[in-house]
Amino acid sequence: MITIQQDLLHSALNAVTRASTKSTLMAAFSLVRLDVHTDGILHLSCFNGETAARSTVNVDCSEDLSVCVDAATLKALVETLAGQIRLHVDGTSLVIQQGTSNRTSLRIVDEPLPVIGEESVQSVATFSGTIFRSLMRALPFASTDDSRAVLQVVHLILDSNTVMAQTADGYSAGLVLESIVGPTNQTSVSLPLSSARLLSTLVDDRDTMRMGTAGENRYIFQITNADDSKDLTLATVTADGNFPSAQIKTLIDEARQNAVAILQIQQPSLMQSIRMVNAMGTQSTFLKAINGVAKIASAETETGQGRNILDGTASGENAQAWLSATFLKRAAEACKGELVMRITNNTKPILIEAGSFTAVIMPMMVDGSKDPFPEDEVIAITLPEMAMA
């Protein structure tokens, strides 16, 4: 029999079952496996075909147990309980009991489920949850287009002093660079998009993440937090190494060097303006730097047109460009406080930077659209010739 507090079991299930999924082809993907020995260490394991997850929690245990049950059902059931919970096997069922009156049986499923074992793991790097969550600010820029499989990743580059996260979708790219104590030799790894998303939901600022490798193309991530009794391990097979990392860095460097206008903008002002563009029922966003002022507007629609002067300044030459509010919003949401936007012209990428975060966005080619700020245009006045006396 296993005895455990509901909050500990619920927390472990809430984390590990995110790696389970309902599948009509593979019943095992919807299961959670419970393994425990009389040493009092319970392992909860799930697998979704790409990522394996294991959560470890200490329990009181009087017998060995190894069973698989439906993950979603067990999680939902535990959420209804409180206090001390007891689990034991009765024939072909796992019995979950609270007190003397609350007793539920779940059918044990006889399906093989790959689990994370005691593999030999070679350490790559250790960093805080805060740093990992900062790296995941690049995640929204990864491609979701199945025809661009090489871009459906978060590409990590680790060296002795830094870790860089890169993503791209063909129209925009995100990059975050953080300082760490990393490996002696540079290491690159492309995490599948689904695995990166899963990790991003599981890591909190106060956690510690240990990244290691357990063989060719197999990476292990251990997430721990002693204060919360958190001990979670994820394993995933990495994608191929064809991510265009060098091209993205070149694109960013060129956008920075060739910029003719630099806008220093407050993030709340930019976010409010993006909401204004969306409210007008369009994604087409006009950005303009003129005479030290930064301006933004929506394309003109049947319902009207939104125009704002951004909270910030512009320096350098006058410049303008059209871009997508969707991509601009991704970048703005990754920033806090002041951000810097660099414009070259209406055909070159726009660069957005804030601290360790960088994004590059390709401009939109909007045919026939007029400048939303016609008052900025200089009107040429021809004076009549005066007859000389």
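Everything discussed here concerns the structure shown above.
The paragraphs below set out a description of the structure included in this document.

About the cut-offs
- Residues numbered from 1 in each chain as written.
- Predicted model: local features only at pLDDT ≥ 70, side-chain atom pairs only at ≥ 80, totals over all residues.
- Heavy atoms only, no water.
- Axes fitted to C-alpha atoms, helices over the stretch in contact; angles between N-to-C directions.
- Helix = DSSP H or I, 4+ residues; strand = E, 2+ residues; numbered from the N terminus.
- Left-handed = near helix turned anticlockwise from the far one by under 90°.
- Contact = heavy atoms within 4.5 Å.
- Disulfide = S-S within 2.5 Å.
- Buried < 20%, exposed > 50% of the residue type's maximum accessible area, 1.4 Å probe, protein only.
- Pairing = 2+ DSSP bridges.
- Salt bridge = Lys/Arg side-chain N within 4 Å of Asp/Glu carboxyl O.
- Expected span 1.5 Å × (residues − 1).
- Core = buried A, V, L, I, M, F, W, Y, C linked by side-chain atoms within 4.5 Å.
- Phe/Tyr/Trp six-rings, centres within 6.5 Å; stacked < 30°, edge-to-face > 60°.

## Notes on the packing of helix α1 (residues 6-16) against helix α2 (residues 71-79)
So, point 1. Between α1 and α2, whose axes approach to 10 Å, the crossing angle comes to 150 degrees. Handedness of the α1/α2 crossing: left-handed. Of the residues in α2, those in contact with Gln6, Leu9, His10, Leu13 and Asn14 of α1 are Leu74, Lys75, Val78 and Glu79.

## Considerations on the state of the cysteines
So, point 1. Within the structure shown, the criterion is met by zero disulfides.
So, point 2. Looking at Cys46, it has no disulfide partner, and the nearest cysteine sulfur is the one in Cys68, 9.1 Å off.
So, point 3. Using a relative accessible area of 0% as the deciding quantity, one classes Cys46 as buried.

## So, the sheet that holds strand β25 (residues 350-354)
So, point 1. Taken in spatial order, the nine strands line up as β14-β11-β12-β13-β26-β25-β24-β18-β22 in an open sheet, and their pairing is antiparallel. Both outer strands of the open sheet, β14 (187-192) and β22 (312-316), are each paired with one neighbouring strand and no more. Shown here is a sheet whose adjacent strand axes are inclined to one another by a mean of 15 degrees, direction ignored.
So, point 2. Direction of pairing for β25 relative to strand β26 (residues 357-361): antiparallel, over a ladder of five bridges. Its bridge partner lying in β26, Ala354 is registered against Phe357.
So, point 3. Packing against the sheet, helix α7 (residues 325-333) makes contact with β13 (172-179), β24 (338-343), β25 and β26, and its axis sits at approximately 175 degrees to β26.

## Here we look at the pairing of β25
So, point 1. Extensive coverage of β25 is indicated by the burial of five of its five residues.
So, point 2. Going residue by residue along β25, you find Ile350, Ile352 and Ala354 tucked away on one face and Leu351 and Glu353 tucked away on the opposite face as well.
So, point 3. In terms of strand pairing, β24 meets β25 through three bridges, oriented antiparallel. Bridged to Met341 within β25 is Ile352.
So, point 4. The hairpin formed by β24 and β25 contains six residues between the paired strands.
So, point 5. Linking β25 to β26, which pair antiparallel, is a turn of two residues; within it Gly355 sits at a positive phi near 60 degrees.

## Regarding the pattern of salt bridges
So, point 1. This model, assessed by the stated rule, comprises 13 salt bridges.
So, point 2. The salt bridge involving Asp207 is made with Lys230; its shortest N-O contact spans 2.6 Å. Placement of the pair is Asp207 in the loop between α4 (193-202) and β15 (208-213) and Lys230 in strand β17 (residues 230-237), with a sequence separation of 23 residues. Just as Asp207 is buried, Lys230 falls in that class too.
So, point 3. Residues Asp371 and Lys288 are paired through a salt bridge, measuring 2.6 Å at the closest nitrogen-oxygen approach. Residue Asp371 is found in the segment after β26, and its partner Lys288 is found in strand β19 (residues 284-290); the two are separated by 83 residues along the sequence. Across the pair, exposure class does not vary: Asp371 and Lys288 are buried alike.
So, point 4. Overlapping salt bridges bring together Asp253, Arg256, Arg342 and Glu353 as one network.

## Observations concerning helix α5 (residues 245-258)
So, point 1. With 14 residues, α5 should reach 20 Å at 1.5 Å per residue; the first-to-last C-alpha distance of 20 Å fits that figure.
So, point 2. Buried residues in α5 make contact with β11 (153-158), β12 (162-168), β13, β24, β25 and β26.

## Focus: the sheet that holds strand β16 (residues 218-225)
So, point 1. Pairing in this open sheet of eight strands is antiparallel, and the strands run β6-β2-β3-β4-β17-β16-β15-β10 from one edge to the other. Two strands in the sheet have a free side with no partner beyond their single neighbour: β6 (65-70) and β10 (122-128). Strand-to-strand twist in this sheet, taken as the mean axis angle between neighbours without regard to direction, amounts to 20 degrees.
So, point 2. Where α2 meets the sheet, it contacts β2 (31-36), β3 (41-47) and β6, and its direction lies at approximately 95 degrees from that of β6.
So, point 3. Against the sheet, α4 makes contact with β4 (51-58), β15, β16 and β17, and its axis sits at roughly 170 degrees relative to β17, the strand it touches most.

## Section: the nonpolar core
So, point 1. Core analysis: the biggest nonpolar cluster contains 97 residues, and Val32, Leu34, Phe127, Leu158, Leu263, Leu270 and Met341 have the highest contact counts within it.
So, point 2. Apart from the residues lying within four places of it in its own chain, the contact partners of Leu158 are Val124, Ala125, Phe127, Val163, Ile180, Pro183, Asn185, Gln186, Thr187, Val189 and Met211.
So, point 3. Counting residues in each nonpolar core, the second largest holds 13 residues, with Ile157, Ile252, Ala255 and Val360 among its members.

## A word on unusual backbone geometry
So, point 1. Unlike most non-glycine residues, Asn217 shows phi in positive territory, near 65 degrees.
So, point 2. Residue position: Asn217 is located in the loop between β15 and β16.
So, point 3. Owing to a relative accessible area of 40%, Asn217 belongs among the partly exposed residues under this scheme.
So, point 4. One non-glycine residue, Ser229, lies in the positive phi region at around 55 degrees.
So, point 5. Relative to the helices and strands, Ser229 is located in the loop between β16 and β17.

## What about the packing of aromatic side chains?
So, point 1. Following the criterion strictly, the structure yields six aromatic pairs and no others.
So, point 2. Pairing Phe127 with Phe132 gives two aromatic rings, centres 6.5 Å apart and planes at 10 degrees, and the pair type is stacked.
So, point 3. Look at Phe127 and you get buried, because its relative accessible area is 5%.
So, point 4. An aromatic cluster is present here, built from Phe286, Trp322 and Phe373 joined pairwise through their rings.

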